[in-house]
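Fold and geometry: a report
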Amino acid sequence: MNTKIVKIDAANIDENLIKQAAEIIKNGGLVAFPTETVYGLGANALDADASKKIYEAKGRPSDNPLIAHIASLDTLDEIVEDVSDVAKKLIDKFWPGPMTLIFNKKPNVPDSTTGGLDTLAVRFPSNEIAMELIKKSGVPIAAPSANTSGKPSPTKGEHVIEDLDGKVDMIIDGGEVGLGLESTIIDVTGKPTILRPGFITQEMLEEVIEEVELDKTILAKPTEDFAPKAPGMKYRHYAPKTDLVIVRGDAEKVAERIREEIENTDEAAIITVDEHLHLYDGVNAKVVSWGSLDEMNEIAHQIFDALRRVDDWGVNIIYCEAFEEKDLGLAVMNRLTKAAGYQVIDV
Ligand code: TXA
Ligand code: MG
């Protein structure tokens, strides 16, 4: 397939290009587009054949449901039932933005969009290009992250081109995304529960509604009897080819352990933060910092880009310090532990 690649500037949107992209969506095709979190691979969420094409292009297991993206609250009422008062409060506060809510679906939403579930994930993104595309298409757009299944989510146009050129009708390159981690997913069909942590944290949600639970599988390795509620969270994800190991604990002990671990190899790398760089002085390894702990937003913003590049470092193994599992650190650790295939050493 010949993929049309276009650049659109969010500050000065070319309406003609958006129209072309919207025509593709209306006709059952695939368009990759930027959102404020990560790039999405979009198709008409109400067209069973169109959303099936997403699974093919990504190589995504068909039981992994898609998020429907909307650009008006009227559309929400057309696709889901039972929007509770709690959900309305969250919508008022956090939409448009990096929050996905799970509702009971209406019958017009096809099984291929929900992976056969009775529920539907919905998000109202704030990125201008995404909003224009959804509005002009006139339909909700089903869009998973625009990466090949298993790879880190794309945060730059070039990541999407790397994974999907030749597999989709159009790629809209809108530059680097603003946030860089996928949306916080909250199931609001029962007691509000975070299924995937993101920029909107448990603390922020609890300022708006009373109590929000955390799905137990957010950091744990999924097993048969311990399956995450978001089907996609059970798959190996974000994984570089290079072996990645997380080391968790007090910074000095972590550094000591990493030094021991790499004693017998010349081909190791260490990922730390600015505040701990001095703990690795003179070590026989490539030492890289994510940035400063005071700027977790920046760390979160670049994590997927970094995970895409570590295989070029030419090392056999990478040791990465853990982050404290609170606030945005929880979302970062959720992505990192998956990338490491749950190889975590506690010291
Ligand atoms: O920020 C985001 O959410 C990005 C952008 C493109 O909007 N999208 C994204 O989609 O991350 P995806 O498909 O890569 O991840 C969606 C996650 C998967 O883990 C999926 O299993 C879960 O949401 N999910 C979707 N529908 C669900 C449902 N009805 N119940 C539970 N989990 C659901
Ligand atoms: Mg994804």
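Refer to the structure printed above.
Values in this document were obtained by computation on a predicted structure and should not be read as measured data.

1. A look at the pairing of strand 7 (residues 119-123)
Counting buried residues along strand 7, four of its five residues qualify, which places the element largely inside the surrounding structure. Where strand 4 (residues 67-69) meets strand 7, three bridges bridge the pair, whose relative direction is parallel. Paired with Ala 68 across the strands is Val 122, a residue of strand 7. Relative to strand 7, strand 6 (residues 99-105) runs antiparallel, the two sharing five bridges. Each residue of the ladder has a partner; that of Phe 103, found in strand 7, is Leu 120.

2. Some remarks on the packing of helix 10 (residues 296-309) against helix 11 (residues 328-339)
What describes two packed helices is the angle between their axes and the distance between those same axes. In the contact formed by helix 10 and helix 11, the axes pass within 10 Å of each other and the chain directions differ by 15°. In terms of their interaxial angle, helix 10 and helix 11 are classed as roughly parallel. Here helix 10 and helix 11 pass one another in a crossing that is left-handed. Note on element contacts: helix 11 touches helix 10 through Leu 328, Gly 329, Val 332, Arg 335, Leu 336 and Ala 339, opposite Met 296, Asn 297, Ala 300, Ile 303, Phe 304 and Leu 307.

3. Re the sheet that holds strand 15 (residues 286-289)
For sheets, the rule is that strands pair by backbone hydrogen bonds, running either parallel or antiparallel. With parallel pairing, the five strands of this open sheet are ordered in space as 15-14-16-13-17. Edge positions in the sheet fall to strand 15 and strand 17 (344-346), since each of these pairs with one other strand and no more. Strand-to-strand, the axes of this sheet are offset by a mean angle of 20°, without reference to chain direction. Of the strand pairs in this sheet, strand 14 (residues 268-272) and strand 16 (residues 317-321) are connected by four bridges, and their pairing is parallel. Bridge pairing links Ala 268 to Ile 317 in strand 16.

4. What about the packing of helix 1 (residues 15-26) against helix 6 (residues 128-137)?
Here helix 1 crosses helix 6 at 55°, and the two axes come no closer than 8 Å. The orientation of helix 1 with respect to helix 6, classified from their angle, is oblique. With respect to the hand of their crossing, helix 1 and helix 6 are arranged in right-handed fashion. Packed against helix 1, whose contacting residues are Glu 15, Ile 18, Ala 21, Ala 22, Ile 25 and Lys 26, the element helix 6 presents Ile 129, Glu 132, Leu 133, Lys 136 and Ser 137 at the interface. Along the lines of polarity and charge, the residues of the contact of helix 1 with helix 6 split into six nonpolar, one polar and four charged.

5. Quick look at helix 6
An α-helix turns once every 3.6 residues. As a result, residues three or four positions apart point the same way. Burial within helix 6 is extensive, with seven of its 10 residues counted as buried. Taken as a whole, helix 6 has its buried residues at Ile 129, Ala 130, Met 131, Glu 132, Leu 133, Ile 134 and Ser 137. Residue Asn 127 occupies the N-cap position of helix 6, its side-chain oxygen lying 2.8 Å from the main-chain nitrogen of Ile 129. One or two positions beyond helix 6, positive phi appears at Gly 138, with a value near 75°.

6. What to know about the site of ligand 1
Every one of the 29 residues lining ligand 1 counts as a neighbour, but Thr 37, Asn 64, His 69, Ser 183 and Gly 232 are closest to it. About the coverage of ligand 1: the protein hides 97% of its 680 Å² of free accessible area. Mapped onto the shell around ligand 1, the elements with two or more residues apiece are strand 4, strand 7 and strand 11 (193-196). Among the elements that make up the shell around ligand 1, the one with the highest residue count is strand 7 (four residues). Split by residue class, the shell around ligand 1 holds 16 nonpolar, eight polar and five charged.

7. Quick notes on a negative patch on the surface
Taken together, Glu 158, Glu 176, Asp 274, Glu 275, Asp 294, Glu 295 and Glu 298 make up a surface patch of like negative charges. By the element assignment, Glu 158 lies in helix 7 (residues 157-164).

8. Observations concerning the pattern of salt bridges
For the structure on display, the rule yields 19 salt bridges. Between Asp 173 and Lys 7 there is a salt bridge, with its nearest N and O atoms 3.3 Å apart. Of this pair, Asp 173 sits in strand 9 (residues 170-173) while Lys 7 sits in strand 1 (residues 4-7), and the two are 166 residues apart along the sequence. With a relative accessible area of 11%, Asp 173 lands in the buried category. For Lys 7, a relative accessible area of 67% corresponds to the exposed category. With a shortest N-O distance of 2.8 Å, Arg 335 and Glu 182 are connected by a salt bridge.

9. What about the nonpolar core?
Counting residues in hydrophobic clusters, the biggest one holds 46 residues, and the most contacted among them are Trp 95 and Phe 103. Among the elements of the structure, strand 3 (40-44), helix 2 (48-58), helix 3 (73-79), helix 4 (85-94), strand 6, strand 7 and helix 7 are those that each provide at least two residues to this core. Not counting residues up to four positions away in its chain, the partners in contact with Trp 95 are Ile 70, Leu 73, Leu 76, Leu 90, Leu 101, Phe 103, Val 122, Arg 123 and Phe 124. Counting 29 residues, the second largest nonpolar core, distinct from the first, contains Val 38, Phe 199, Val 273 and Ala 300.

Quick notes on the rules
Residues numbered from 1 in each chain as written. Chains lettered and ligands numbered in written order. Predicted model: local features only at pLDDT ≥ 70, side-chain atom pairs only at ≥ 80, totals over all residues. Heavy atoms only, no water. Buried < 20%, exposed > 50% of the residue type's maximum accessible area, 1.4 Å probe, protein only. Helix = DSSP H or I, 4+ residues; strand = E, 2+ residues; numbered from the N terminus. Pairing = 2+ DSSP bridges. Axes fitted to C-alpha atoms, helices over the stretch in contact; angles between N-to-C directions. Parallel < 35°, antiparallel > 145°, perpendicular 65-115°, else oblique. Left-handed = near helix turned anticlockwise from the far one by under 90°. Contact = heavy atoms within 4.5 Å. Nonpolar A, V, L, I, M, F, W, Y, C, P; charged D, E, K, R; others polar. Polar contact = N/O pair within 3.5 Å; in protein donor to acceptor, adjacent residues only side chain to side chain. Near = heavy atom within 4 Å. Areas by Shrake-Rupley, 256 points an atom, 1.4 Å probe, with all protein chains shown as cover. Patch = residues over 30% accessible without salt bridge, like charges linked within 9 Å, V, L, I, M, F, W, Y side chains within 5 Å. Salt bridge = Lys/Arg side-chain N within 4 Å of Asp/Glu carboxyl O. Lys, Arg positive; Asp, Glu negative; His and termini not counted. Charge placed at Lys NZ, Arg CZ, Asp CG, Glu CD. Core = buried A, V, L, I, M, F, W, Y, C linked by side-chain atoms within 4.5 Å.

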